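The lines below spell out each chain.
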Amino acid sequence: MQAFVTRRIPREGLAALSQAGVCSIQQWDSDEPIPRSELLAGVAGKHGLLCLLSDQIDKEVLDAAGSNLKIISTLSVGVDHLALEEIKKRGIRVGYTPDILTDATAELSVALLLAACRRLPESAEAVKNGGWTTWKPLWMCGYGLSDSTVGIIGLGRIGQAVARRLKPFGVKKFLYTGSRPKPESAVEFQADFVPLTKLAEESDFVVVTCSLTPDTKGMCNKDFFSRMKKTSVLINTSRGAVVNQEDLYQALVSGQIAAAGLDVTTPEPLPTDHPLLSLKNCVILPHIGSATYATRSAMSVLAANNLLAGLKGESMPSELQL
Ligand code: NDP
Ligand code: DGY
């Protein structure tokens, strides 16, 4: 059997693949994304595909792969880059990497929230550029978590892990929204299930940790921001497309909301002349939620083991239910 790997991945994952003796490996051995033409050529005739969230696995790629393709293993928990209907129709199984990246992503979400609400990049910059002239009572003030209301959009694995980390900061109330109430997840935080509009109106911090679906695309838009408090902060560590970036820009410029922190954007990378990058009250990171050495290594091993199990016709350690 033959498998195609679309990027350089941590050596632990590659070792797991190559030492298993299950398939021969062809790899795009670069840190840079594979050009589309190389992807289409690379997948041809392969039985397995190990891909990244930056690879759009659509009908064209599936057609190029042909009928040999039985397994797609993505090095991510997010699966919005996969044409799932088409994949299901063809009887292809999908592996992904939930759970093992939850802690790292929740930690980064908290770091980003604190960076945005306490103005850390702006303050650090002032130290370097001479903006720091003296201790001033009214300078570089932000918003703290004590006694606050935090709204979580998507109380899934990462959403719960974020709430767990924020609770000790003295959060007074947690709200959450989703497709249905989840009392079993919410009980730990005594979180209230509310409509999106109420979450916008009542939260001091909104943390977006949902998956990107047709329902969540553009969910944080003009109407949503217009309901938020002027002192509130938006954090997005899910997918860029959940937030309407033009509407976010207007909300930040006009003072409709106080600040934002984004680990994910549309597109990625965000062009360096993008208007959001001109704003002091917007902290933008380059999609590093899961970027600890240990997590990326574990993700690569899980993705490799998903692929190998699938190729052998066995149950995968983490298989997406299609
Ligand atoms: P989960 O499946 O555990 O959680 C996803 C959540 O999204 C669920 O709670 C689900 O709620 C919610 N959701 C779905 N539809 C809606 C909706 N219409 N409104 C509100 N919430 C909704 O996934 P994870 O927590 O493991 O991961 C979540 C996402 O985080 C991933 O899909 C990925 O895109 C992103 N991610 C980003 C990383 C980064 O580096 N920044 C790292 C890892 C993940 P319900 O069950 O009620 O539908
Ligand atoms: C994912 O897994 O979906 C992240 O975006 C990267 O770890």
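See the structure above.
Residues numbered from 1 in each chain as written. Chains lettered and ligands numbered in written order. Predicted model: local features only at pLDDT ≥ 70, side-chain atom pairs only at ≥ 80, totals over all residues. Heavy atoms only, no water.

J.: Help me understand the layout of surface pockets, please; the structure alone is not making it clear to me.
T.: A probe as big as a water molecule, rolled over the atoms, marks out the empty space that is left. Taken as a whole, the second largest pocket holds about 430 Å³ of empty space. Taken together, 22 residues line the second largest pocket, and the ones lying closest to its centre are Pro121, Glu122, Leu279, Lys280 and Asn281. Looking at the lining of the second largest pocket, the elements with two or more residues in it are helix 5 (102-117), helix 6 (120-129) and strand 12 (282-284). Residue contributions to the lining of the second largest pocket peak at five residues, all from helix 6. Residues of the lining of the second largest pocket, tallied by class, amount to 15 nonpolar, three polar and four charged. (1 Å grid on protein atoms, 1.4 Å probe; cavity = no way out; pocket = protein on both sides within 12 Å on 5 of 7 lines; lining within 4 Å. Points joined across faces, edges and corners; volume = space filled by probe spheres on them. Helix = DSSP H or I, 4+ residues; strand = E, 2+ residues; numbered from the N terminus. Nonpolar A, V, L, I, M, F, W, Y, C, P; charged D, E, K, R; others polar.)

J.: What is the right way to read the site of ligand 2 from this model?
T.: Every residue lining ligand 2 is accounted for by Leu53, Ser76, Val77, Gly78, Leu101, Arg239, His287, Ser290 and Met299. At 2.6 Å from an oxygen atom of ligand 2 is found a side-chain nitrogen or oxygen belonging to histidine 287. In the environment of ligand 2, an oxygen atom lies 2.7 Å from a nitrogen or oxygen atom belonging to the side chain of serine 290. For ligand 2, the protein covers 90% of the area, taking 230 Å² as the surface of the free molecule. Of the residues assigned to the shell around ligand 2, the class counts are four nonpolar, four polar and one charged. (Near = heavy atom within 4 Å. Polar contact = N/O pair within 3.5 Å; in protein donor to acceptor, adjacent residues only side chain to side chain. Areas by Shrake-Rupley, 256 points an atom, 1.4 Å probe, with all protein chains shown as cover.)

J.: Help me out: how do you make sense of the site of ligand 1 in this one?
T.: Around ligand 1, the surrounding shell holds 29 residues, and the nearest of these are Arg157, Ile158, Ser179, Lys182 and Asp263. One of the backbone N or O atoms of isoleucine 158 is found 2.9 Å from an oxygen atom in ligand 1. The separation between an oxygen atom of ligand 1 and a polar side-chain atom of arginine 239 is 3.2 Å. In the shell around ligand 1, the residues fall into eight nonpolar, 15 polar and six charged.

J.: Explain the nonpolar core here, please?
T.: Nonpolar side chains in soluble globular proteins generally cluster together in the buried interior. Core analysis: the largest hydrophobic core is formed by 46 residues, its most contacted members being Leu113, Val150, Ile152, Leu166 and Phe174. When contributions to this core are tallied by element, the ones reaching two or more residues are strand 1 (2-5), helix 5, strand 6 (149-153), helix 7 (157-166), strand 7 (173-177), strand 9 (205-208), strand 10 (233-236) and helix 12 (293-311). If you look at the next biggest cluster of nonpolar residues, it comprises 24 residues, including Ile153, Leu199, Phe224 and Val242. (Core = buried A, V, L, I, M, F, W, Y, C linked by side-chain atoms within 4.5 Å. Buried < 20%, exposed > 50% of the residue type's maximum accessible area, 1.4 Å probe, protein only.)

J.: How should I be thinking about the environment of cysteine 282 in this particular structure?
T.: Within the fold, cysteine 282 resides in strand 12. Considering only alpha carbons, one finds cysteine 282 and leucine 234, 48 residues apart in sequence, at a separation of 9.4 Å. Leaving out residues up to four positions away in the same chain, cysteine 282 has contacts with Leu252, Ala260, Leu262 and Leu276. (Contact = heavy atoms within 4.5 Å.)

J.: Could you clarify how one ought to interpret the sheet that holds strand 12 in this entry?
T.: Whether parallel or antiparallel, the strands of a sheet pair through hydrogen bonds between backbone atoms. Taking strand neighbours across the sheet as the criterion, the seven strands line up as 8-7-6-9-10-11-12 in an open arrangement whose pairing is parallel. Every interior strand has two partners, whereas the edge strands, strand 8 (192-193) and strand 12, have only one. By the bridge criterion, two bridges tie strand 7 to strand 8 in an arrangement that is parallel. For tyrosine 176, the partnering residue across the bridge sits in strand 8 and is phenylalanine 193. Where helix 5 meets the sheet, it contacts strand 9, strand 10, strand 11 (259-262) and strand 12, and its direction lies at approximately 150° from that of strand 10. (Pairing = 2+ DSSP bridges. Axes fitted to C-alpha atoms, helices over the stretch in contact; angles between N-to-C directions.)

J.: Just to check I follow, could you spell out the state of the cysteines for this structure?
T.: As used in these notes, a disulfide is a covalent bond between sulfur atoms, one from each of two cysteines. Evaluation of the coordinates by the stated rule reveals zero disulfides. Free of any disulfide, cysteine 51 has its nearest neighbouring cysteine sulfur in cysteine 23, separated by 15 Å. The class of cysteine 51 is buried, set by a relative accessible area of 0%. In this structure cysteine 282 is not part of a disulfide, and its nearest cysteine sulfur, from cysteine 220, lies 13 Å away. For cysteine 282, a relative accessible area of 9% gives the class buried. (Disulfide = S-S within 2.5 Å.)

J.: In this structure, what is going on with the pairing of strand 3 (residues 48-51)? I would like to understand it.
T.: The side-chain alternation of strand 3 yields two buried faces, one formed by Gly48 and Leu50 and the other by Leu49 and Cys51. With three bridges connecting them, strand 1 and strand 3 associate as parallel partners. Pairing of alanine 3 across the sheet is with glycine 48, part of strand 3. Across four bridges, strand 3 lies against strand 4 (residues 71-74) in parallel orientation. The residue bridging leucine 50 from the neighbouring strand is serine 73, located in strand 4.

J.: Honestly, the pattern of salt bridges in this entry has me stumped. Any pointers?
T.: Applying the stated rule across the entire model yields 20 salt bridges. A salt bridge links aspartate 63 to lysine 59, with the nearest nitrogen and oxygen atoms 3.1 Å apart. Within this pair, aspartate 63 and its partner lysine 59 are both found in helix 3 (residues 59-65), separated by four residues, close to a single helical turn. For arginine 90, the salt bridge identified is with glutamate 86, shortest N-O distance 3.0 Å. (Salt bridge = Lys/Arg side-chain N within 4 Å of Asp/Glu carboxyl O.)

J.: Which parts of the structure should I look at to understand the packing of aromatic side chains?
T.: Each pair of aromatic rings is reported with the distance of its centres and the angle of its planes. A complete count under the given rule lists three aromatic pairs for this structure. Note that lysine 136 overlies the ring of tryptophan 139, its terminal NZ or CZ placed 4.8 Å from the centroid. (Phe/Tyr/Trp six-rings, centres within 6.5 Å; stacked < 30°, edge-to-face > 60°. Lys NZ or Arg CZ within 6 Å of the ring centre and 35° of its normal.)

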